Every structure is written in C-alpha cells, then in structure tokens.
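# A look at the structure
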Amino acid sequence: MPAFICTACGMQFAPSPEPPKSCPICEDERQYVPPAGQEWITLDELARSHSNAWRLLEPDLFEIVTVPPFAIGQRALLVRTANGNILWDCLSLVDAATVELINALGGISAIAISHPHYYSCMVEWSHAFGRVPIYLHRADRAWVMRDDAAIHAWEGERKEILPGLTLICCGGHFPGGATLHWAAGAEGRGALLSGDIVQVVQDRKTVSFMRSFPHFIPLSAPAVERIIKALAPFAFERIHGAFPTRTIAKDGKRVLEQSAARYLAFIRGDGSAELR
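This section reports on the structure supplied with the text. (Residues numbered from 1 in each chain as written. Predicted model: local features only at pLDDT ≥ 70, side-chain atom pairs only at ≥ 80, totals over all residues. Heavy atoms only, no water.)

### Concerning the pairing of strand β12 (residues 178-182)
Where burial is concerned, most of β12 is hidden: 5 out of the 5 residues are buried. Going residue by residue along β12, you find Ala178, Leu180 and Trp182 tucked away on one face and Thr179 and His181 tucked away on the opposite face as well. As defined by bridge partners, strand β11 (residues 165-169) adjoins β12 across 5 bridges and the pair is classed as antiparallel. Within β12, the position partnered with Leu165 by the bridge is Trp182. Bridge analysis of β12 against strand β13 (residues 191-195) gives 3 bridges, and the strand direction is antiparallel. Residue pairing for β13: Leu180 is matched across the bridge by Leu193. (Buried < 20%, exposed > 50% of the residue type's maximum accessible area, 1.4 Å probe, protein only. Helix = DSSP H or I, 4+ residues; strand = E, 2+ residues; numbered from the N terminus. Pairing = 2+ DSSP bridges.)

### Topic: helix α7 (residues 252-267)
Between its first and last C-alpha atoms α7 spans 22 Å; for 16 residues at 1.5 Å apiece the expected length is 22 Å, and the two agree. All of the buried residues in α7 are Gly252, Lys253, Val255, Leu256, Ser259, Ala260, Tyr263 and Leu264. The arc that holds every buried residue of α7, seen down its axis, measures 155°, which confines them to one face. Tucked inside the fold, the buried residues of α7 contact β15 (207-208), β17 (217-218), α6 (221-231), β18 (238-241) and β19 (247-248). Immediately beyond the C-terminal end of α7, within one or two residues, lies Gly269, with a positive phi of roughly 95°. (Expected span 1.5 Å × (residues − 1). Arc of directions from axis to C-beta. Contact = heavy atoms within 4.5 Å.)

### Some thoughts on the environment of Val65
Considering the arrangement of structural elements, one finds Val65 in strand β4 (residues 61-67). Taking the relative accessible area as the measure of exposure, Val65 reaches 11% and is therefore buried. As for Val65 and Trp54, which are separated by 11 residues in sequence, their C-alpha atoms are 6.7 Å apart. Residues within four places of Val65 in sequence aside, it is in contact with Ser51, Asn52, Ala53, Arg75, Leu91 and Pro244.

### Here's the deal with the nonpolar core
Of all hydrophobic cores here, the largest spans 48 residues; its most connected members are Ile108, Ile113, Met122 and Trp125. The element that contributes the greatest number of residues to this core is helix α4 (residues 122-128), accounting for 3 residues. Those residues in contact with Trp125 that sit more than four places away from it in its chain are Asn52, Leu87, Cys90, Leu91, Leu93, Val94, Thr98, Ile102, Ile108 and Ile111. Grouped together as the second largest cluster of nonpolar side chains are 24 residues, Val198, Ala221, Leu256 and Tyr263 included. (Core = buried A, V, L, I, M, F, W, Y, C linked by side-chain atoms within 4.5 Å.)

### So, the pattern of salt bridges
Enumeration over the complete set of coordinates arrives at 14 salt bridges. With a shortest N-O distance of 3.4 Å, Arg254 and Asp251 are connected by a salt bridge. Since its relative accessible area comes to 34%, Asp251 is described here as partly exposed. Several salt bridges share partner residues, and in doing so they unite Glu58, Glu187, Arg189, Glu237 and Arg238 into one network. (Salt bridge = Lys/Arg side-chain N within 4 Å of Asp/Glu carboxyl O.)

### Some words on the side chain of Asp89
Residue position: Asp89 is located in the loop between β6 (84-88) and α3 (96-104). As a buried residue without a salt bridge, Asp89 has its nearest oppositely charged side chain in Arg75, at a separation of 8.0 Å. Polar side-chain contacts of Asp89 include one of 2.8 Å to the backbone nitrogen of Ser114. Ignoring any residue separated from it by four or fewer positions in sequence, one finds Asp89 in contact with Arg75, Ala76, Ala112, Ile113, Ser114, Tyr118 and Gly195. (Lys, Arg positive; Asp, Glu negative; His and termini not counted. Polar contact = N/O pair within 3.5 Å; in protein donor to acceptor, adjacent residues only side chain to side chain.)

### Digging into the packing of aromatic side chains
All told, the structure shown has 5 aromatic pairs when counted by the stated rule. Ring geometry for Phe13 versus Trp40: centroids 5.3 Å apart, planes at 85°, classification edge-to-face. With a gap of 27 residues between them, Phe13 in the loop between β1 (5-6) and α1 (24-27) and Trp40 in strand β2 (residues 40-41) connect regions that are remote in the sequence. As far as burial versus exposure is concerned, Phe13 and Trp40 are alike and both buried. (Phe/Tyr/Trp six-rings, centres within 6.5 Å; stacked < 30°, edge-to-face > 60°.)

### Concerning unusual backbone geometry
With glycine set apart, most residues show a phi of negative sign, and most peptide bonds adopt trans. A cis amide bond links Val67 to the next residue, Pro68, at an omega of -10°. With respect to the helices, strands and loops of the structure, Pro68 is situated in the loop between β4 and β5 (76-81). Residues other than glycine seldom take positive phi values, yet Arg131 does so here, at roughly 60°. Along the chain, the position of Arg131 falls in the loop between α4 and β8 (134-137). One non-glycine residue, Arg204, lies in positive phi territory at about 55°.

### Describing the state of the cysteines
For the coordinates displayed, the defined rule picks out 0 disulfides. Between Cys169, a free cysteine, and Cys170, which holds the nearest cysteine sulfur, the sulfur-to-sulfur gap is 6.9 Å. Since its relative accessible area comes to 5%, Cys169 is described here as buried. (Disulfide = S-S within 2.5 Å.)

The following block contains the structure:
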C-alpha cells in the first residue's frame, strides 16, 4: 500500500489503500488547509516531478532542498563530523541520487528534527540509511503520523546525539520545539541550526518568533523568554535557519538577544518604536 504525502505540509502518513480523510497538521492553527482542499501524492510520484539540490554552506555543512519547491519548502541540513553525520530537519523527497550522494559523504548516523512541520518523510529517510534513529522531542510525539521503531522520543532540556552536537528543547512554535547546537560550526565558534524555532527573517540580520507563520500568530513573552533562557549557555557565531539563504553569518548570539529584546518590547506594549 502507498504511504500518502500531504502536498500542503509534506507529512507522510502510514501506508493505506486510500488517502487519509484529513491532515491533522494542516488543520492545526499553526498550518492551514489550502483553499482548494487537501491533496495527496506518493513518494514515487513526487520523485518523477522533483529532485533535490545541494549547496555547501560552510565546511562540513550541506544544504539540501527540493526543486521545484514542495509543500512548506524548508531545507534539510547535513552536518558531517568525525563521529558520524546528522541530518537536521527533513524533506519529503528522498531518492536514489540523494542516497548515493549522502553515502559518499559518510552516510547518516541519525536524524533529528526541530518540530512536526518538518517530520515529512522521516521514516523513508531512516529506512534508506539502514533504519538510523530519528530523534523527536517527546512533547511533540502525538504529531507523528507514520510511526516506526526508528523513532526515539527524547525528553528533558538537552540531548547530545553525537560529540559536539546537542539538541536543545526551546519550546515556542511547538512545546517540543528544538534547535541543534553544533560546537564545531563557524570555524569552531559554534553554529545554531534553528529550524522555525528561531526564525531567520528576510533581512538575514535579525530573527523572530511565531506560533503560526502562515496566520501571523505571535508567541507570548514567556515563550520567547524560555527560548532565550534555553540557548543562554551556548556560544554560537552563526545561525542557519529553516529556509534557503536564511543564514546569519556572524554575531549570531548577539543578534538573537537583540532581536528578542525588540520582540519583547513590542509584545509587551512598548509602542515607542512605532512612533518613530
């Protein structure tokens, strides 16, 4: 039986003879059902119309994006280390060319995902690389639409999945929203792989925070404060966000703190900046 994929969010569901009646991810207030309604595709169909493109962002960090853009359009990031490689966030398309290229780079030791919008075809990716573990925070476990033994629900505030690669539960966009700290990134000054939890915005000089990006629902002040507190112990020069080109190349920690201060001033009702 095929495992149908939602064309709006990219989530793959458990194999079934017919497409699901609905997509809980899209029906949630953080995403949306398209005006034309829910539509479905299989992985084989997707592979016939799309492919994955690659870009080297910095030494040992590769961006993978599906072209033409599919569903939400996020990027996945492959971090290469001496102790193994990690796939951060995920895409709906995994094809033979992608598997061959990644294997040539050393394969994948594990997959880690920031939040449910990017779960996509994580089980297909895991199986393609020998059923490697998929790390999701337990707080978001209910959003898994295709269960599998490869899924490992981690708990608490932090989890080091390989030496120098630490998952940090920040909450925010989802209760289990996570970022990945890469200590060796940015030439040893540290890099934060932030997904949507810390959103690198269009100017690539600031970041922001939202509960729902499509519906412009902001996060509360306590939720943003929690993110800043969770990231406070970690040093990072660079922030690699969820989408192509969304990278802050320098002063990432300072950018995070200043952007959060600006956000909190507005959300708490300090309108002085609006008068300028």
